[in-house]
Amino acid sequence: MNIFDIMGPIMVGPSSSHTAGAARIGYIARRLLGCQPARAEILLHGSFAATGQGHGTDRALVAGLLGMAPDDPRLPASFELAHKAGMVFSISNTVLRGAHPNTVLLRLSDGAGQTVEVNASSLGGGRIRVNAIDGMEATFTGDYPTLIIRNEDRPGQVAEVASLLSWRGVNIATMQLYRDKRGGLAVMVIESDQPIQQNMIEVLRTSPGMVRVTYLNPERGN
C-alpha cells in the first residue's frame, strides 16, 4: 500500500470514486474521440445513477470531456462551461448488465461525424477502468503508457505494431486483442514499460489498415 491508497488523489470533492474517477473517465473518453465532443450522451449506471448528482458525478464527467483534471477548480461550473464551449450533452440513467456499480456509458461525437462509445468504471481512490470501446471489450486503466489501436482485422497488423515498438526499444508489458468479427474491426490495447515517442505514434497512424490510434501517457496527464 502506498500513500496514494491512503490519502486518495488531489481533487475537487466530494468523492474520489464519484468525482475524481468520473472526471478521469470523461477525460480519457475525450482522448479516445480525439477532440472535445460536440455532442455527448452520458448514461449513468448503478451507484453513479443513484447518488451521482449529489456527489457531482455528472459535473465531473462533463468536466473531463472538456479536458479538465480532477483537481481543476472549475469543475463545479462544468455545465456552464460546456454550454459556452458549444458542447451539447444529455445525462440520464441506464442499467448495464453485470457492470460495476460506478459505471458510465459515454456516446460521443465530434463536428466531423466521428463517434466513439466508451464504457468505463470508477474503482475508488480516483482509479478507473475502461471496459469497452464501441461495444468491443477493451480493458485498461490508463495508469501506464497505453496505446489503444483500432484497426482493420487483417494479417500482419499485430506483428507490424510489435516490430515497431521493439525496434524503438519499447517493452510491451501487456497486449490485449479484441475484434467484433473476422475481417471486421479490431482493437489492440498495449501497455508499455516506457513512454512511446510521438513520431512512433504518427508512423502507426499512417500505416495501412489503422482506423484510429490513441496514446495515453500518465506521466504527462494525457
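Residues numbered from 1 in each chain as written. Predicted model: local features only at pLDDT ≥ 70, side-chain atom pairs only at ≥ 80, totals over all residues. Heavy atoms only, no water.

**Things to note about the overall build of the protein chain**
Threshold: Secondary structure is summarised from DSSP: a helix means a run of H or I of at least four residues, a strand means a run of E of at least two, and numbering begins at the N terminus for each. The contact definition used throughout considers only heavy atoms, calling two residues in contact when any of these lie within 4.5 Å. Under the convention used here, a 1.4 Å probe and the Shrake-Rupley method define accessible areas, while residue burial counts only the protein chains that appear. In this count, Lys and Arg are taken as positive residues and Asp and Glu as negative ones, while His and the chain termini are left out. Think of each charge as sitting on NZ of Lys, CZ of Arg, CG of Asp or CD of Glu.
A tally of helices and strands in the protein chain yields seven helices and 10 strands. C-alpha extents for the protein chain along the principal axes are approximately 50 × 40 × 35 Å. Across the protein chain, the fraction of contacts at a sequence separation of at least 24, relative to all contacts at a separation of at least 6, is 66%. Here the protein chain has roughly 10600 Å² of accessible surface; of this, 51% comes from carbon and sulfur atoms. Computing the positive centroid from 20 side-chain charges and the negative centroid from 19, the protein chain places the two 3 Å apart.

**What to know about the packing of helix α4 (residues 57-65) against helix α5 (residues 78-85)**
Under the convention used in this document: Note on method: axes are straight lines fitted to C-alpha atoms, helices fitted across the in-contact stretch only, with angles between N-to-C directions ranging 0 to 180 degrees. With the far helix as reference, a near helix turned anticlockwise by less than a right angle produces a left-handed crossing, and one turned clockwise produces a right-handed crossing. Polar here means any residue other than Ala, Val, Leu, Ile, Met, Phe, Trp, Tyr, Cys and Pro, which are nonpolar, and Asp, Glu, Lys and Arg, which are charged; Gly is therefore polar.
Across the interface, α4 lies against α5 with an axial gap of 8 Å and an inter-helix angle of 35°. Read as a crossing pair, α4 and α5 show a hand that is left-handed. Residue-level inspection shows Asp58, Arg59, Val62 and Ala63 of α4 in contact with α5, the latter providing Ser78, Phe79, Glu80 and Ala82. Of the residues assigned to the contact of α4 with α5, the class counts are four nonpolar, one polar and three charged.

**A closer look at the domain arrangement of the protein chain**
For clarity, the cut-off: For the domain bounds, the source is a domain assignment made automatically or taken from a database. The term buried area refers to how much accessible surface (probe radius 1.4 Å) is lost by two components on association, counted for both of them together. The term salt bridge refers to a side-chain nitrogen of Lys or Arg lying within 4 Å of a carboxyl oxygen of Asp or Glu. Under the rule applied, a polar contact is a pair of N or O atoms within 3.5 Å (in protein, one hydrogen donor and one hydrogen acceptor; residues adjacent in sequence only if both atoms are side-chain atoms).
We note that the domain assignment places domain 1 (1-133) and domain 2 (142-222) within the protein chain. Contact with domain 1, which involves 10 residues of that partner, is made by 10 residues of domain 2. For the pairing of domain 1 and domain 2, the buried interface totals around 890 Å² over both sides, and the portion due to carbon and sulfur atoms is 47%. For the pair domain 1 and domain 2, the number of links is one salt bridge. Of the charged contacts in the structure, one is a salt bridge between Asp143 and Arg24, with a shortest N-O distance of 3.1 Å. For the pair domain 1 and domain 2, the interface holds seven residue pairs in polar contact (both at pLDDT 80 or more). Residue assignment for the side of domain 1 that touches domain 2 shows that the elements contributing at least two residues are α2 (16-33) and β4 (115-124). Element by element, the count of residues in the side of domain 1 that touches domain 2 is highest for α2, at six residues. Split by residue class, the side of domain 1 that touches domain 2 holds six nonpolar, two polar and two charged.

**Here's the deal with the pattern of salt bridges**
Which entries qualify depends on this criterion: We call a residue buried when its accessible area falls under 20% of the maximum for its residue type, exposed when it is over 50%, and partly exposed in between, using a 1.4 Å probe and counting protein chains only.
A full pass over the atoms with the stated rule returns nine salt bridges. With a closest N to O distance of 3.6 Å, Glu41 and Arg107 form a salt bridge. Within this pair, whereas Glu41 is found in strand β1 (residues 39-45), its partner Arg107 is found in strand β3 (residues 102-109), the two being separated by 66 residues in sequence. On the basis of relative accessible area, Glu41 is assigned to the partly exposed category, the value being 30%. For Arg107, a relative accessible area of 37% translates into the label partly exposed. A salt bridge links Arg74 to Asp72; the shortest N-O distance between them is 2.8 Å. Assessed through its relative accessible area of 46%, Arg74 is described here as partly exposed.

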